[in-house]
Amino acid sequence: MTRVVAAEPFALREAARILRAGGLVAFPTETVYGLGAVATDNAAVRRIFEVKGRPARNPLIVHVPDAEAARSMVVWSEQAAALTQAFWPGPLTLVLAQLADSGIARAASAGLHTLAVRAPAAPIAQALLRAAALPIAAPSANRSGRVSPTTAAHVAAGLAGRIELVLDGGACTVGLESTVVDLSAEPPRLLRPGGLTRARIEAVIGPLAAAGDAIRAPGQLASHYAPARPVRLNATAPRPDEAFLGFGALQRMDGGVGLNLSRSGSLTEAARNLFAMLHALDREPAQAIAVAPISNEGLGEAINDRLRRAAAAAPRDGGRSGD
Ligand code: TXA
Ligand code: MG
């Protein structure tokens, strides 16, 4: 049985108890909902992979309250210090060489010698990390390959019956996963564009190289973040059998199924709405989802990355839980 409870103080204490006993708890961060297990508990971490249907070679992000906690797990550097000072807590994940005595379960890093660490900004995530008093490994709380959840209802739709508890903290404020930067390589590399823009990171540590080969970015498979319906990009108008996801002035006028990522053309608002609107349109009786063109500036880089992955997926039938 999966319970969905409002993230009140007593529920946070219970969530911490469940985690410390080896259970799985979904919780809100500012980016998306995470599916958490105590990162030092190998059996609990392995259950995350099982519940998500996630390939064992795709490592997880370890969540910590602050930079000081991260420093006990990874080899720190000037770049790590500069970035965490500027952007933690927040939507930035750093990949660094893992310390031999990090204490982190092998399953969390998928056996790699590096570790991804992030301090989330959302007050509920911070409160949970402090109540559990242990690092929490957490991927996005969706079945592998599906659209990430930005509400507790999205989590429940995908994972009900598979995990112990969902802490409901409302809709995520950023709406896109964290930006993943690999600092274990020189020059540093952008493994995944996300909720913190490339420009803000480059203003602190200089130019980022591209993601490069698949081994260093094991989770970056082409098909990911996919609704069950096929997705068609850069559409200026929907075809008769399509639902339409508009942006700015480009929106559906004929009364058919449609939503707008941001009427004012704000990329921040579009990022916040993207996954929820893909979830919503995926429930409509349409053959496909057509999406308006989005600028590639700022958060547009991450929005377009997720849209390309959604469009790259082979169409699957039905099953919002994705089995
Ligand atoms: O915003 C987020 O990052 C959310 C919230 C819950 O924090 N989490 C999230 O986790 O998106 P997940 O597992 O869906 O994505 C983590 C990404 C994957 O692409 C994974 O391959 C990459 O980070 N990653 C994790 N550890 C890595 C490592 N050691 N080296 C390279 N990539 C790594
Ligand atoms: Mg994910």
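For the structure itself, consult the block above.
What you see is a predicted model; the values in this text were computed from it and never measured.

Novice: I'm lost on empty space enclosed by the protein in this one. Help?
Specialist: Counted by the stated rule, this structure contains two cavities of 30 Å³ or more. The space that makes up the largest cavity amounts to roughly 50 Å³. Taken together, Thr179, Leu190, Pro193, Gly194, Leu196, Thr197, Arg198, Gly298, Leu299, Glu301 and Ala302 form the lining of the largest cavity. In terms of residue class, the lining of the largest cavity is made up of five nonpolar, four polar and two charged.

Novice: What exactly am I supposed to notice about the sheet that holds strand β1 (residues 3-6) here?
Specialist: Strands in a sheet are paired, the pairing made by backbone hydrogen bonds, and the direction either parallel or antiparallel. Taken together, 10 strands build an open sheet; the order of strands is β1-β8-β2-β3-β7-β4-β6-β5-β9-β10 and the sheet is mixed. Each end of this open sheet is capped by a strand with a single partner; those strands are β1 and β10 (189-192). Pairing of strand β9 (residues 179-182) with β10, which is carried by three bridges, proceeds in the antiparallel orientation. Residue pairing for β10: Val180 is matched across the bridge by Arg192. Packed on one face of the sheet, helix α5 (residues 123-132) meets β2 (25-28), β4 (61-63), β7 (136-137) and β8 (165-168) and runs near 140° to β2.

Novice: Which parts of the structure should I look at to understand the pattern of salt bridges?
Specialist: Oppositely charged side chains may form a pair once their charged atoms are brought near each other. What the rule picks out here adds up to 10 salt bridges. Among the ionic pairs, Glu301 bridges to Arg198, the shortest N-O distance being 3.0 Å. Here Arg198 lies in helix α7 (residues 198-205) and Glu301 lies in helix α9 (residues 300-312), a separation of 103 residues in the sequence. Owing to a relative accessible area of 28%, Arg198 belongs among the partly exposed residues under this scheme. We note a salt bridge from Arg252 to Asp254, for which the minimum N-O separation is 2.7 Å. Residue classification places Asp254 among the exposed residues on the basis of a relative accessible area of 57%. Overlapping salt bridges, with partners in common, bring together Glu177, Asp305, Arg306 and Arg309 in one network.

What counts, and where the lines are drawn
Residues numbered from 1 in each chain as written. Chains lettered and ligands numbered in written order. Predicted model: local features only at pLDDT ≥ 70, side-chain atom pairs only at ≥ 80, totals over all residues. Heavy atoms only, no water. 1 Å grid on protein atoms, 1.4 Å probe; cavity = no way out; pocket = protein on both sides within 12 Å on 5 of 7 lines; lining within 4 Å. Points joined across faces, edges and corners; volume = space filled by probe spheres on them. Nonpolar A, V, L, I, M, F, W, Y, C, P; charged D, E, K, R; others polar. Pairing = 2+ DSSP bridges. Helix = DSSP H or I, 4+ residues; strand = E, 2+ residues; numbered from the N terminus. Contact = heavy atoms within 4.5 Å. Axes fitted to C-alpha atoms, helices over the stretch in contact; angles between N-to-C directions. Salt bridge = Lys/Arg side-chain N within 4 Å of Asp/Glu carboxyl O. Buried < 20%, exposed > 50% of the residue type's maximum accessible area, 1.4 Å probe, protein only.

Coordinates in, geometry out; function isn't part of it.
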